[in-house]
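# Examining the three-dimensional arrangement
For reference, the chains in residue letters:
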Amino acid sequence: MFSIILPTYNRAAIIQDSIKSVIEQTYQYWELIVVDDGSTDNTEDCIKNLMLKENRIKYIYQHNQERSQARNNGIKIAKYKWICFLDSDDIFLSNHLQTFYENIQNYPRINFFYSLKEREEHIDFHNKHETILINSIHSQQVCLRKKILLENTFNKKLNIGEDVELWMRIACKEDLLCTNTETVKIIS
């Protein structure tokens, strides 16, 4: 049901906690695609060791092209119709995928969902763009239908704010729905 895209670059020391948070999800129908954006540390070894224990993890190496291209490449090979993102220094709470699954079932016409960060209160604004900007919706908080992300890709020219820029473009065409549930812990 869910393809989770995790771009990484030289995060061997901390990426295992992020991956463990996916493995420990209460909803277990997922694949994790780790896109290594040219790491020079032992990230590949860490991932391949985890792949021996968990066959739902896929590892892809690309020469350094930055995280927008890493996410775009992950989306292209994702096999499920719902896409989530995780950064290699952040953590999904155990209810992350279950919360999205329930909202997808309850709101079948919505293609763009987002959850709350730990200790965050949802503030509903007058329009979608204001909601995205003021709530500062990070990539770790969203779940989108794959077809939407194939039609609207991350801007490779941006190295900061590329996620918010994409959410704004998508919000011009799609409704978005907050799950109103904390499901993500953003570390840095």
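I will try to describe carefully the structure that is included in this document.

Calculation rules
Residues numbered from 1 in each chain as written. Predicted model: local features only at pLDDT ≥ 70, side-chain atom pairs only at ≥ 80, totals over all residues. Heavy atoms only, no water. Buried < 20%, exposed > 50% of the residue type's maximum accessible area, 1.4 Å probe, protein only. Helix = DSSP H or I, 4+ residues; strand = E, 2+ residues; numbered from the N terminus. Arc of directions from axis to C-beta. Axes fitted to C-alpha atoms, helices over the stretch in contact; angles between N-to-C directions. Parallel < 35°, antiparallel > 145°, perpendicular 65-115°, else oblique. Left-handed = near helix turned anticlockwise from the far one by under 90°. Contact = heavy atoms within 4.5 Å. Nonpolar A, V, L, I, M, F, W, Y, C, P; charged D, E, K, R; others polar. Pairing = 2+ DSSP bridges.

Our next topic: helix 4 (residues 96-106). Given 3.6 residues to a turn, an α-helix orients residues that are three or four positions apart in the same direction. Every buried residue of helix 4 is accounted for by H96, L97, T99, F100, N103 and I104. Viewed along the axis of helix 4, the buried residues span an arc of 160°, placing them on a single side of the element.

Before going further, it helps to spend a moment on unusual backbone geometry. Phi angles above zero are rare outside glycine, and E66 is one such case at about 80°. Considering the arrangement of structural elements, one finds E66 in helix 3 (residues 66-77). For E66, a relative accessible area of 37% corresponds to the partly exposed category.

Where helix 5 (residues 128-135) contacts helix 7 (residues 162-171), the axes come no closer than 9 Å and their chain directions differ by 165°. Regarding the angle of helix 5 to helix 7, the classification is roughly antiparallel. The handedness of the crossing between helix 5 and helix 7 is right-handed. Where helix 5 abuts helix 7, its residues K128, H129, I132 and L133 lie against V164, W167, M168 and A171. For the contact of helix 5 with helix 7, the class distribution of residues is 6 nonpolar, 1 polar and 1 charged.

Before going further, it helps to examine the pairing of strand 8 (residues 177-185). Both strand 5 (residues 91-92) and strand 8 contribute to a ladder of 2 bridges, which runs antiparallel. What sits directly across from I91, in strand 8, is K185. Pairing analysis gives 4 bridges linking strand 6 (residues 112-117) to strand 8, with the strands arranged parallel. By the bridge assignment for strand 8, K117 is matched with V184.

Across the sheet, 8 strands lie side by side as 3-2-1-4-7-6-8-5; this open sheet has mixed pairing. Only two strands of the sheet have a single partner each, and these edge strands are strand 3 (57-61) and strand 5. Together, strand 1 (2-8), strand 2 (30-36) and strand 3 form the strand contacts of helix 2 (residues 43-53), whose direction differs from that of strand 3 by roughly 155°.

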